[in-house]
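So the chains spell out like this:
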Amino acid sequence: MGLDSKAIVEEAESPIGHKMLNEDFALAGKLGARGFPTIIMINEENKGVKIVGSRSLNMYVQGLQQVLGKELQPQEPPSLANLLTKEELLFSKENRGNV
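Colleague: How should I be thinking about the side chain of Ser 14 in this particular structure?
Modeller: Take Ser 14: it is sitting in the loop between α1 (5-13) and α2 (15-30). Looking at Ser 14, its side chain comes within polar contact range of the main-chain oxygen of Glu 11, at 2.6 Å.

Put into C-alpha cells, the structure is as follows:
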C-alpha cells in the first residue's frame, strides 16, 4: 500500500494516537459494537446492518444484500495465475518494510 509503517507506529503511540483510539472505541460503543468482529454496513440512506461475531459467508452476503437492496450475483474467481500477474503482493509477510 506504500504506507510508512514506522510513522504509523510512532503516531499510534503518541498522545494524539491514543486520543483517536479512544474516540474509535467510543464510536464503536455508540454504534452498538459489543463483540469481535463487529461488521457494520451502512447505505446512502443511513440504514444499516450489524453482524457481530464470527459468522458464515452467507450471513455477510445477506447483510450486504439487505443494505444494498438488491440480490448479489457471484462472479467466477480469477485463476491463481491471473491473480499473481495482476497483484504485486498477496501476503503481509511480503510488505517489504511498509504496511
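Colleague: How should a nonpolar patch on the surface be read in this particular structure?
Modeller: There is a patch of nonpolar side chains on the surface, built from Leu 27, Leu 31, Ile 40 and Ile 42 and spanning about 330 Å² of accessible area. Taking the relative accessible area as the measure of exposure, Ile 42 reaches 47% and is therefore partly exposed.

Colleague: When you look at helix α3 (residues 57-68) in this model, what are you seeing that I'm missing?
Modeller: In an α-helix, one turn spans 3.6 residues; hence positions three or four apart end up facing the same way. Over its 12 residues, α3 extends 17 Å from the first C-alpha to the last, a length consistent with the 16 Å expected when each residue adds 1.5 Å. Directly beyond the C-terminal end of α3, a positive phi value near 75° is found at Gly 69.

Colleague: Explanation requested: the environment of Leu 72 in the structure shown.
Modeller: When you line up the elements, Leu 72 lands in the loop between α3 and α4 (80-86). For the pair formed by Leu 72 and Gln 62, sequence separation is 10 residues and the distance between their alpha carbons is 8.9 Å. Each residue touching Leu 72, except ones within four places of it in the same chain, is listed here: Val 61, Leu 64 and Gln 65.

Colleague: Even after reading the chapter, I still don't get the pairing of strand β1 (residues 38-42), so can you show me in this structure?
Modeller: Taken residue by residue, a regular strand's side chains alternate between the two faces of the sheet. Pairing of β1 with strand β2 (residues 48-52) involves five bridges; the strand directions are antiparallel. The residue bridging Ile 39 from the neighbouring strand is Ile 51, located in β2. Where β1 folds back on β2, the antiparallel hairpin that results is connected by five residues, among which Asn 46 adopts a positive phi of roughly 65°.

Colleague: Help me understand the packing of α1 against α2 in this model?
Modeller: The relative placement of two packed helices comes down to the angle between their axes together with the axis-to-axis distance. For the pair α1 and α2, the least separation of the axes is 4 Å and the interaxial angle reads 75°. The pairing of α1 with α2 is recorded here as roughly perpendicular in orientation. Seen from α1, the contacting residues are Glu 11, Ala 12 and Glu 13; seen from α2, they are Pro 15, Gly 17, His 18 and Met 20.

Colleague: Before we go on, may I ask you to explain α2 in this structure?
Modeller: Across its 16 residues, α2 extends 23 Å between first and last C-alpha, which sits within 8% of the 22 Å expected from 1.5 Å per residue. Directly beyond the C-terminal end of α2, a positive phi value near 90° is found at Gly 32.

Colleague: Explanation requested: the pattern of salt bridges in the structure shown.
Modeller: Note that side chains of opposite charge can pair when their charged atoms are close. On inspection of all chains with the given rule, the structure shows one salt bridge. Among the salt bridges present, the one from Lys 19 reaches Glu 23, with a minimum N-O distance of 2.6 Å. Of this pair, Lys 19 and Glu 23 both sit in helix α2, four residues apart, which is roughly one turn of the helix.

Definitions and cut-offs
- In this numbering scheme, every chain counts its residues from 1 along its sequence in written order.
- For a predicted model such as this one, the threshold for reporting local features is a pLDDT of at least 70, and the threshold for listing and counting side-chain atom pairs is 80 or more; totals across whole chains, interfaces and linings nevertheless cover every residue.
- With hydrogens and water set aside, each side-chain value is computed from the structure's full complement of heavy atoms.
- Numbering of helices and strands runs from the N terminus, with a helix taken as a DSSP run of H or I at least four residues long and a strand as a DSSP run of E at least two residues long.
- Any pair of nitrogen or oxygen atoms within 3.5 Å is treated as a polar contact; in protein, a donor-acceptor pairing is required on top of that, and neighbouring residues in sequence qualify only through side-chain atoms on both sides.
- Note on patches: the residues involved have over 30% relative accessible area and no salt bridge, like charges join within 9 Å, and the nonpolar side chains Val, Leu, Ile, Met, Phe, Trp and Tyr join within 5 Å.
- Values of accessible area rely on a 1.4 Å probe in the Shrake-Rupley scheme; residue burial ignores everything except the protein chains shown.
- Each salt bridge in this description consists of a side-chain nitrogen of Lys or Arg and a carboxyl oxygen of Asp or Glu lying within 4 Å of one another.
- Think of it in three bands: with a 1.4 Å probe and only protein chains considered, a residue is buried below 20% of the maximum accessible area for its type, exposed above 50%, and partly exposed in between.
- In a helix, the anticipated span is given by 1.5 Å times the number of residues less one.
- Contact between two residues is taken to exist if any of their heavy atoms lie within 4.5 Å; hydrogens are not considered.
- Paired strands, as defined in this entry, are two strands with at least two bridges between them according to DSSP.
- A fitted line through C-alpha atoms represents every axis, and for helices the fit uses only the stretch in contact; the resulting angles, taken between N-to-C directions, go from 0 to 180 degrees.
- Relative orientations are named as follows: roughly parallel for angles under 35 degrees, roughly antiparallel for angles over 145 degrees, roughly perpendicular for angles from 65 to 115 degrees, and oblique for any other angle.

By themselves these figures say nothing about function.
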